Amino acid sequence: MSTPASPTSLETLNLRCERGDRTLFEGLNFQVAAGQLLQIEGANGSGKTTLLRTLCGLFESTAGNINWCGQSIHADPASYHAQLSYIGHLPGIKLELSPRENLAFSQGLRGQSISQNDLLNALDAIGLYGFEDTPCRHLSAGQRRRVALARLILDKSQLWILDEPFTALDRAGNQRLSELLAAHLLQGGLVVLTSHQPVILQDVAINRLALE
Amino acid sequence: MWVWFHKLGSPPYFYRFSTIVLPWLAVLTLILFSVGVVWGLYIAPSDYQQSETSRIMYVHVPASMFSMSIYMVMAMASAVTLIWRIKLADLVASASAPIGAAYTFIALITGSLWGRTMWGNTYWEWSDPRLMSELILFFLYLGYMALNSAYEDRRRAARAAAVLALVGVVNIPIIHYSVEWWTSLHQGSTTRGTQFAATIDPSMRYPLFVMMGAFAMLYAQLLLKYTRCLLLDGERNNAWVKEMVKQHAA
Amino acid sequence: MRHALLILLKRDLLLAFRHPNDLVNPLIFFLIVVSLFPMGLKPDSQFLPMMGSAVIWVAALLASMLSLDNLFRSDMEDGTLEQIGLLPWPLSALVTIKVLVHWLVTGIPIVIMAPLLGMMFNIPPEGIRALMLTLLLGTPVLSLIGAIGVALTVSLRRGGVLVSLLVLPLYIPVLIFGAGSVWDASLGLAIRGPVLFMGAILVLALTLAPLAIAGALRISLE
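Right, let's walk through the structure included here.

Here we look at the pattern of salt bridges
In the structure shown here, the tally under the stated rule is 22 salt bridges over all chains. A salt bridge links B:Arg159 to A:Glu60; the nearest nitrogen and oxygen atoms lie 3.7 Å apart. Here B:Arg159, found in helix H6 (residues 154–185), pairs with A:Glu60, found in the loop between helix H1 (48–56) and strand S4 (63–68), and the two come from separate chains. Judged by its relative accessible area of 25%, A:Glu60 is partly exposed. Between A:Glu101 and C:Arg18 there is a salt bridge, with the nearest N and O atoms lying 2.9 Å from each other. Separated into two different chains, A:Glu101 in helix H3 (residues 99–109) and C:Arg18 in helix H1 (residues 2–18) make up a pair that spans both. Of the residues examined, A:Glu101 reaches a relative accessible area of 23% and is grouped as partly exposed.

In C-alpha cells:
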C-alpha cells in the first residue's frame, strides 16, 4: 500500500443518491479530516444508512464523488477498504461461532494475523470477558454488538463508519464505546457515524450533518 | 453518428424522436405485412414436396430468426446498461424481452404445426435441434422477465437482469452445440429453417424476404412503443414529462 | 490474499459442518428423487437402464440447485456478506471459494453416491464409469452457474422458485452432455468428444462465472 500524498481525509463532492423514485439527498458536500468525528442526523428514511453505505462503496451514488485522501474511492477500492472498518445495522457475526472464532475469522479475512492474546484483550476491553467461547447464538443483542465492535479494536483501520453503534448497548457498553471513539480520534483516526442519541466525548469536537 | 447516438440516449430527445418515427414505422409495417402475406400465401407457388403446408414458413422462418436476434439486442443493451449506466439501454432490453418471448412462442407453435405434416401425427419432436433451441431460448426469456419484475427498485432490476442476459448470451452457443450433438444421437433429425430458406426457389425466397422485413419492422415498432411507455413510467417525476402532460391537457 | 482465501475456506467448511442436517438433506433428496422414478414405472420395466442416466443427472442437478439456496443467504442475513464485500480482495476470488465449499460438501458426495444408484438402475459398468466422470466434471459447473442465480436473487424475499427459473435453462447443456455420455458409454461407444466438451464448459464457467457472481452480489448488496 502506498502512502497517499494528500492528508488523510474523507470528503464528498456534490453527492447525490436515489432509491427507487426518491432522491434521498443531493448536492452533499462535507469533509472529515484526521481526528474528526462526523455525526449524521436525520429522521427515519432520510437516507442516513444509504449515505454510510455509499461512503463504504457498497451503494452506488447517482452523481458526485467520494474522495479518500484526495483520490476517488473507486479508483483503488482495495487499499481504501484496507483502511476502512464498517459496522452496519447487522453485526456481521456468525451465530454458530463463538466471539473468539468470529474475530479470528474476520481478522484472517482481512489478511491480518492475530495472536490469541490480542484477541482476548480486545474481547476483554469491550466487556465480553468470560463469553469468549460461548456460541454467539446464546449471546444477547447487546453482546453481539459488542463482538462486532471488538473488530474496531483489532482492525486498526483509520476510518470507522458506524451505523447506530450505540443501539442495544447498556450504559457500560455505551461508556466503553465512547472511550474507544475518543481514543481512536486522539490517534488521528476518522469516524463517521449515525446515532439517535447525542454523542458526548471528552475533549473532542463533534461535527454534525443533518439530512432532511 | 456517435453524437446522434449520444443525443438519442437522453430521454426527452428519444421521446420526441420516437414520436416522429412511429407513424412511419406503422405504415411501413402494414405495407410489408400486406405484401408479404398476399404474396406468400396466394401468389407464390407451393412447395411440390410439402404442398400448401410449406407456406407456414413465411411466418416460422422470420419469427425464429428474429427470436434469436432480439436476444442479441437485449444482451447488447444489457452490456451498455452495465458499462455506461444509460437508463435508456435498460429500457430497450426490458422492452425487448416480451417481444422476443412472443416471437419465440410464435416460432415454436408454427414450427410444431409445420413439423406435424413432416413427422406424421406428432406435434412435438424432441429430435429437432431447432425446435429444442427455440424452447430453451423461450425459457431464457421467461427467466429474464421473471427476474426483471422481481426487483422493486428499477435500477437494481436493470442491472441484475443485465447480468442474467449476458450470462444467457454466453450460454446460447453452448446450448446450441449441445442440442445439435444430442439430436445427432437420435437418427434422422430433420433439417429445415435456414438451410431450407437458402435452397428454395426465388419465387418463394422473395416473399420470404418481405416477411422478414415485416417482422423486423414490427419488432422496431413494438420496441419503440413499449420503450416509450417504460420511459414515461420511469421518468414520471421529471420536469419534461410533467411539462408534456400539461401541454397535452391544455 | 492466499491466506485470506484459506481462512474463508476454513470458515465455510466449519460452518457447513456445524449444520450437519444441511449437509445431509440434499443427499437424501437426491436419493429419494432417484428412487421415485422407478416407482412411477412398472416394476419390471425394460426402460429402467435407459432412464437411469437421465434420472440420476436430473436429480443431481436439482439437489445441487436446492442446496445452493443458503450459499449467500445466511451471510446476507447476518451482515457477513457486507463485510466480505468490503474486504480488500477481489470479490470474484472470494466467491469462488464459497462455490468451492458448496461443491466439496454436495458435489463430491453426489459423485460418490452415483455408482450405487447407477447399479440400482442396472447401468452397465462402462456407463457407471462415465457417470462418475461426467458428474465430476459437471457438478462444479452446476455449482458455479447456480451461484449466479442465487447471487442475483439473494436480496429478494421470494428467491426460491425464481432461482430455478433462472438456473435450470442454463443447466441444460451440462445435462445433455452428462446424461448423453452415460448412455453412449453404456452402449460401448466412445465418449471422448462430449467429455472434452464438458471439460471446456468447466474451464469457461470457472473463468467467467466468478465475475458474474461477484457482479450480481454487488447488486444484491446495494
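Overview of the nonpolar core
Residues A:Leu51, A:Ile161 and C:Phe72 are the most contacted members of the largest nonpolar core, which totals 169 residues. The element contributing the most residues to this core is helix H7 (residues 125–153) of chain C, with 14 residues. When sequence neighbours within four positions are dropped, the list of residues in contact with C:Phe72 reads C:Leu81, C:Val95, C:Lys98, C:Ala147, C:Val150, C:Ala151, C:Val154, C:Ile213 and C:Leu217. Within the second largest apolar cluster, 31 residues are counted, among which are A:Leu37, A:Ile93, A:Leu123 and A:Phe166.

Details of helix H3 (residues 57–84) of chain B
Here H3(B) is 28 residues long and its end C-alpha atoms lie 40 Å apart, about the 40 Å a rise of 1.5 Å per residue gives. Where H3(B) terminates, the next one or two residues include B:Arg85, which has phi positive at roughly 55°.

Remarks on the sheet that holds strand S6 (residues 84–87) of chain A
Residues and elements named next belong to chain A. Strand order in the open sheet formed by five strands is S6-S7-S8-S3-S9, and the pairing between neighbours is parallel. Where the open sheet ends on each side, the last strands, each with one partner, are S6 and strand S9 (206–211). Adjacent strand axes in the sheet meet at a mean angle of 15°, parallel and antiparallel pairs treated alike. Its contacts with the sheet put H1 on strand S3 (37–42), S6, strand S7 (159–163), strand S8 (190–194) and S9, and the angle it makes with S7 is roughly 155°. Where helix H6 (residues 171–186) meets the sheet, its contacts fall on S3, S7 and S8, and the angle it forms with S8 comes to roughly 145°.

Comments concerning the interface of chain A and chain B
Across the boundary between the two partners, chain A contributes seven residues, which contact seven residues of chain B. Across the chain A to chain B interface the summed buried area is about 560 Å²; carbon plus sulfur atoms make up 18%. The tally of links from chain A across to chain B stands at two salt bridges. Here the side of chain A that touches chain B is composed, by residue class, of one nonpolar, two polar and four charged.

Examining the interface of chain C and chain A
On the side of chain A, 28 residues touch chain C, which itself brings 26 residues to the contact. Buried surface at the junction of chain C and chain A, both sides included, amounts to about 2500 Å², of which 62% is carbon and sulfur. Where chain C packs against chain A, one counts four salt bridges. A salt bridge links C:Glu82 to A:Arg53; the nearest nitrogen and oxygen atoms lie 2.3 Å apart.

Observations regarding unusual backbone geometry
Residue and element names in this part refer to chain A. The phi dihedral of Asn-14 is positive, around 55°, even though this residue is not glycine. Relative to the elements of secondary structure, Asn-14 occurs in strand S1 (residues 9–19). A positive phi angle, near 55°, is found at Lys-156, a position not held by glycine. Checked against the element boundaries, Lys-156 lands in the loop between helix H5 (141–155) and S7.

Description of H5(A)
At 3.6 residues per turn, the α-helix brings residues three or four places apart onto the same side. Compared with an ideal rise of 1.5 Å per residue, which puts 15 residues at 21 Å, H5(A) spans 22 Å between its outermost C-alpha atoms and is within 8% of the ideal. Among the 15 residues that make up H5(A), 12 are buried, leaving the element largely enclosed by the rest of the structure. Here H5(A) has its buried residues at A:Gly142, A:Gln143, A:Arg145, A:Arg146, A:Val147, A:Ala148, A:Leu149, A:Ala150, A:Arg151, A:Leu152, A:Leu154 and A:Asp155. On its buried side, H5(A) packs onto S6, H3, helix H4 (116–125), S7 and H6 of chain A together with helix H5 (80–85) of chain C. A:Lys156 lies just past H5(A) and shows a positive phi near 55°.

What counts and how
- Per-chain numbering applies: the sequence of each chain, read as written, is numbered from 1 onward.
- Note on labels: chains are lettered from A, ligands numbered from 1, in written order.
- Only residues with pLDDT of at least 70 get local features here, since the model is predicted, and only at 80 or more are side-chain atom pairs given and counted; chain-wide, interface and lining totals rely on the full set of residues.
- Hydrogens and water are ignored here; the side-chain numbers use all heavy atoms of the structure.
- We define a salt bridge as a side-chain nitrogen of Lys or Arg found within 4 Å of a carboxyl oxygen belonging to Asp or Glu.
- The helix count covers DSSP runs of H or I at least four residues long, the strand count covers runs of E at least two residues long, and both are numbered beginning at the N terminus.
- The classification of residues rests on relative accessible area computed with a 1.4 Å probe and restricted to protein chains. Under 20% of the type maximum is buried, over 50% is exposed, and intermediate values are partly exposed.
- The criterion is simple. A nonpolar core is a set of buried Ala, Val, Leu, Ile, Met, Phe, Trp, Tyr and Cys residues joined through side-chain atoms within 4.5 Å.
- Every residue pair with non-hydrogen atoms within 4.5 Å of one another is taken to be in contact.
- In this scheme, a helix's expected span is set at 1.5 Å multiplied by one less than its residue total.
- Pairs of strands are assigned from DSSP output, requiring at least two bridges between the strands.
- A fitted line through C-alpha atoms serves as each axis, taken over the contacting stretch for helices, and the angle formed by two N-to-C directions is quoted from 0 to 180°.
- A 1.4 Å probe defines the accessible area here, and the buried area is the portion of it lost by two parts on being joined, summed over both.
- Gly counts as polar in this scheme, as do all residues outside two lists: the nonpolar Ala, Val, Leu, Ile, Met, Phe, Trp, Tyr, Cys and Pro, and the charged Asp, Glu, Lys and Arg.

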